[in-house]
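Inside the fold
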Amino acid sequence: MARLGAAVNVITTGGPAGRGGFTASAVCSVTDEPPTLLVCMNRNATAAPMLKANGNVCVNVVAAGQKEVAMVFAGVTKCTMEERFDAGTWASLATGAPVLQGAVVSFDCQVAEIVEKGTHCVVFAEVAGIRSGSHHEHGLIYFGRDYHPVGKAAD
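Residues numbered from 1 in each chain as written. Predicted model: local features only at pLDDT ≥ 70, side-chain atom pairs only at ≥ 80, totals over all residues. Heavy atoms only, no water.

1. Some points on the side chain of T12
Operational definition: Elements are defined by DSSP. Helices are runs of H or I of four residues or more, strands are runs of E of two residues or more, and each kind is numbered from the N terminus. The rule is simple: take the accessible area with a 1.4 Å probe, protein chains only, and divide by the maximum for that residue type; under 20% is buried, over 50% is exposed, in between is partly exposed. Pairs of N or O atoms are called polar contacts if they sit within 3.5 Å, as long as, within protein, a hydrogen donor faces a hydrogen acceptor (for residues adjacent in sequence, only side-chain-to-side-chain pairs). Should any heavy atoms of two residues lie within 4.5 Å, those residues are counted as being in contact.
Mapped onto the elements, T12 comes out in strand β2 (residues 9–13). Looking at T12, the relative accessible area reads 1%, which means it is buried. There is a polar contact of 3.4 Å between the side chain of T12 and the side chain of N60. Side-chain polar atoms of T12 contact the backbone oxygen of P98, separated by 2.5 Å. Leaving out residues up to four positions away in the same chain, T12 has contacts with G20, G21, N56, V57, C58, N60, F73, F85, W90, A97 and P98.

In structure tokens:
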């Protein structure tokens, strides 16, 4: 699986159960109508109970310059869940889930369904709001167990 490159995303949730988040590369588009994304989350992720209780997620597609944010949310720094949010600047859109400022794009979503499969939960999330970053932002991919910037952004 380390040879399967993918975009780096910081997945966040916010609401009555608190703020939480994790870094994920297993994210993809499911359908345009309604606009729906799929996010794979380890069942044992610290943020899993918060995500399930809050019923929302924001898929923040990380810009190349936000590698440190991705590493913090991946748990590399061993800080608390709330301390993770000291990395980056945050706002919110429709659902209240934290939106990473400067991300390539952020998809603010309501959780439509969660399917448990093996060690992971597959979260189907319907898009409620979108914030696009600068078209000049370069993305970040995870490949070979490391982060790599993506070349020139498309116009």
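2. Considerations on the nonpolar core
The criterion, for reference: Nonpolar core, defined: a set of buried Ala, Val, Leu, Ile, Met, Phe, Trp, Tyr and Cys residues in which side-chain atoms within 4.5 Å join the residues together.
Within the largest apolar cluster, 19 residues are counted, with the highest numbers of intra-cluster contacts made by I11, F22, V39, M41, L51, V57 and C109. Within the residue set of this core, elements represented by two or more residues are β3 (20–24), β5 (35–42), α1 (48–54), β6 (56–61) and β10 (120–132). Element by element, the count of residues in this core is highest for β10, at 4 residues. Leave out the neighbours within four places in its chain, and I11 touches G20, G21, F22, A24, V27, V39, V57, C58 and V59. The next biggest cluster of nonpolar side chains, apart from the first, holds 14 residues, and it includes W90, L100, A103 and L140.

3. Digging into the pairing of strand β4 (residues 27–32)
The cut-off we apply is this: Two strands pair under a simple rule: DSSP has to find at least two bridges between them.
Summarising the sheet, β4 and β5 pair through 5 bridges and their orientation is antiparallel. Counterpart to V27 in the pairing with β5 is V39.

4. Things to note about unusual backbone geometry
Generally, phi is negative for residues other than glycine and the peptide bonds are trans, each holding for most cases. Residue P34 is bonded to the preceding E33 through a cis peptide linkage, with omega at -5 degrees. Looking at where P34 falls in the secondary structure, it is placed in the loop between β4 and β5. A positive phi angle, close to 65 degrees, is found at R145, a residue other than glycine. Position of R145 relative to the elements: it lies in the loop between β11 (140–143) and β12 (146–149). Its relative accessible area of 65% is what places R145 among the exposed residues.

5. So, the environment of K67
If you trace the backbone, K67 turns up in helix α2 (residues 67–73). Along the sequence, K67 and V127 sit 60 residues apart, while their C-alpha atoms lie 25 Å from each other. Every residue in contact with K67, bar those within four places of it in the chain, is listed here: V62, L140, D146 and Y147.

6. Examining the packing of aromatic side chains
Definition in use: In this analysis, rings of Phe, Tyr and Trp, with Trp reduced to its six-membered ring, are considered paired at centre separations within 6.5 Å, and the interplanar angle assigns stacked below 30 degrees, edge-to-face beyond 60, and tilted for intermediate values. Our definition puts a charge over a ring when NZ of Lys or CZ of Arg is within 6 Å of the ring centre and also within 35 degrees of the ring normal.
Counted by the stated rule, this structure contains 4 aromatic pairs. Members of the aromatic cluster, each reached through a chain of ring pairs, are F73, F85 and W90. The ring centre of F85 lies 4.2 Å from the NZ or CZ of R19, which sits over that ring.

7. Re the pattern of salt bridges
As a reminder of what qualifies: Salt bridge, as applied in this entry: a Lys or Arg side-chain nitrogen positioned within 4 Å of an Asp or Glu carboxyl oxygen.
On inspection of all chains with the given rule, the structure shows 3 salt bridges. Note that R19 is salt-bridged to E82, the shortest N-O span being 2.3 Å. Taken together, the residues span a long stretch of sequence, with R19 in the loop between β2 and β3 and E82 in helix α3 (residues 81–84) at a distance of 63 residues. We note a salt bridge from R43 to E116, for which the minimum N-O separation is 3.1 Å.

8. Notes on the sheet that holds β12
Taking strand neighbours across the sheet as the criterion, the 3 strands line up as β1-β11-β12 in an open arrangement whose pairing is antiparallel. This sheet does not close on itself; its edge strands, each paired only once, are β1 (6–7) and β12. Pairing analysis gives 4 bridges linking β11 to β12, with the strands arranged antiparallel. Bridge pairing links Y142 to Y147 in β12.

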